[in-house]
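Structural overview
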Amino acid sequence: DYAYHVSKSIFEWPTFCSLLLLIAVLICAVRLFSKYRMISFGIFFFFLALVPESSILPLKDVIFEHRLYLPLAGFGMFLPVSAYYLWGRNNFRAMVICLSAVVACYSALAYQRNKVWKNEITLWSDVIQKSPHKARGYNDRGQAYYKQGDFTKALLDLNKAIRIDPGMATAFVNRGAVYNKEGDYRQAILNFNKAIKIDPDYVDAYLDRANVYRKLNDFTRTLSDYDKIIEIDPKDAVSYNLRGVIYFNHGDIIQALSDFNKAIELNPRDADSYNLRGVIYFNRGNIIQALSDFNKAIEIDPRNTRALLNLTRKEGAYLVQELGYAVNPELIKVLKN
């Protein structure tokens, strides 16, 4: 994550020198075309492959390695062909030794780089070491510490990220998640509020805040956050499912059923919504429809223990035996027991 200076004018001295260098390289490529076409082609290929991502359009990251993956094919062509024309025709062995040394050097560097990519902590620590004044490294390492359960180090990094970039909504959400895990719900909500103020359409902030409100048994605010998520993304099946659970737990069965139906419509592989809808049908006395939903939940997720437990109810077993209702074969032993 390079902390690279962004030029504001083509006449800044480093930018102007870079422009002159690029023009010189392209002039060389043109002049070499008639006699050394492979060298010229390698140079032009490198620059042309960069064109799609090097334009007048603004880029969030000025430098990014993946933009060089394809252009490097041109460099890989340019290097050995140039070596051959320079001295390979007269001293082929020396050229082979030189290029072998280059390959060995690149191989050693690639091996060392793999150590940096060992895990998230080593990767983002390397980023922070090289770009200590950028927030993203601290934010992502803080998130990595959070995943490992090291909340103290996570907070240190996230605090640093926010000091560097107070407008980084992601860092506030991540810090709120840490406070949530530590049971400091007040601080968690304050951080989620800050993230939402920075980015009013930040779905994860609403989702995490809703989870905190749910723990606090704040039914109204929990529903309000799920409503907002669905307003931002009407195709978010997960939020319909979660809102349905809230309605179900508070006795609003009609609204819960509506949300589970919508969740299943948006995601027909949503085993949890099938199971919960099955519970509603079962409680209403619609045993056959309940069995259908439980069976579908287990078909999608054979390890869905809640659906398994629902299917082992006496009423379900009775209907399977008397009406011959089709049940997933893996459940026959469970039902017999």
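Just above, that's the structure.
In what follows, the accompanying structure is described. (Residues numbered from 1 in each chain as written. Predicted model: local features only at pLDDT ≥ 70, side-chain atom pairs only at ≥ 80, totals over all residues. Heavy atoms only, no water.)

Looking at the overall build of the protein chain
- Helix and strand content of the protein chain: 18 helices and zero strands.
- A compact globule built from 337 residues would reach a C-alpha radius of gyration of about 20 Å, whereas the protein chain, at 30 Å, exceeds it by more than 25%.
- Viewed in the frame of its principal axes, the protein chain has a C-alpha envelope of about 90 × 50 × 35 Å.
- Split into buried and exposed, the 337 residues of the protein chain put 36% on the buried side.
- Summarising the internal contacts of the protein chain: among those between residues at least 6 apart in sequence, 43% fall at separations of at least 24.
- Accessible area for the protein chain stands at about 20,900 Å²; split by element, carbon and sulfur atoms hold 59% of it.
- On the protein chain, the mean spot of the 42 positive side-chain charges and the mean spot of the 34 negative ones are 8 Å from each other. (Helix = DSSP H or I, 4+ residues; strand = E, 2+ residues; numbered from the N terminus. Rg over C-alpha atoms; globule rule 2.2 N^0.38 Å. Buried < 20%, exposed > 50% of the residue type's maximum accessible area, 1.4 Å probe, protein only. Contact = heavy atoms within 4.5 Å. Areas by Shrake-Rupley, 256 points an atom, 1.4 Å probe, with all protein chains shown as cover. Lys, Arg positive; Asp, Glu negative; His and termini not counted. Charge placed at Lys NZ, Arg CZ, Asp CG, Glu CD.)

Thoughts on the pattern of salt bridges
- Inspection of the entire model under this criterion finds 15 salt bridges.
- Between D61 and R136 there is a salt bridge, with the nearest N and O atoms lying 2.6 Å from each other. Pair noted here: D61 is in the loop between α2 (37-50) and α3 (71-88) and R136 is in helix α6 (residues 135-148), with a separation of 75 residues, a long-range link.
- A salt bridge links K262 to E265; its shortest N-O distance comes to 3.5 Å. In this pair, K262 and E265 both sit in helix α13 (residues 253-266), three residues apart, roughly one turn of the helix.
- Through salt bridges with shared partners, a single network forms among D1, D61, K134 and R136. (Salt bridge = Lys/Arg side-chain N within 4 Å of Asp/Glu carboxyl O.)

So, the nonpolar core
- Grouped together as the largest cluster of nonpolar side chains are 47 residues, with contacts concentrated most on V173, A195, Y202, A205 and Y226.
- Aside from chain neighbours lying at most four places away, what touches A205 is V173, F192, A195 and I196.
- In this structure, A271, A297, I298 and A307 belong to the second largest nonpolar core, which totals seven residues. (Core = buried A, V, L, I, M, F, W, Y, C linked by side-chain atoms within 4.5 Å.)

Description of helix α5 (residues 120-130)
- Restricting attention to buried positions, one finds in α5 the residues I121, L123, W124, D126, V127 and I128.
- Looking at the packing, one finds that the buried side of α5 touches α4 (92-116) and α6.
- The residue sitting at the N-terminus of α5 and contributing the capping side-chain oxygen is N119; that oxygen lies 3.0 Å from the backbone nitrogen of I121. (Polar contact = N/O pair within 3.5 Å; in protein donor to acceptor, adjacent residues only side chain to side chain.)

Structural notes on a nonpolar patch on the surface
- Residues I10, F11, L19, L20, I23 and I27 make up a contiguous nonpolar surface patch of about 570 Å² in total accessible area.
- Summarising the element assignment, I27 is placed in helix α1 (residues 13-32).
- On the basis of relative accessible area, I27 is assigned to the partly exposed category, the value being 46%. (Patch = residues over 30% accessible without salt bridge, like charges linked within 9 Å, V, L, I, M, F, W, Y side chains within 5 Å.)

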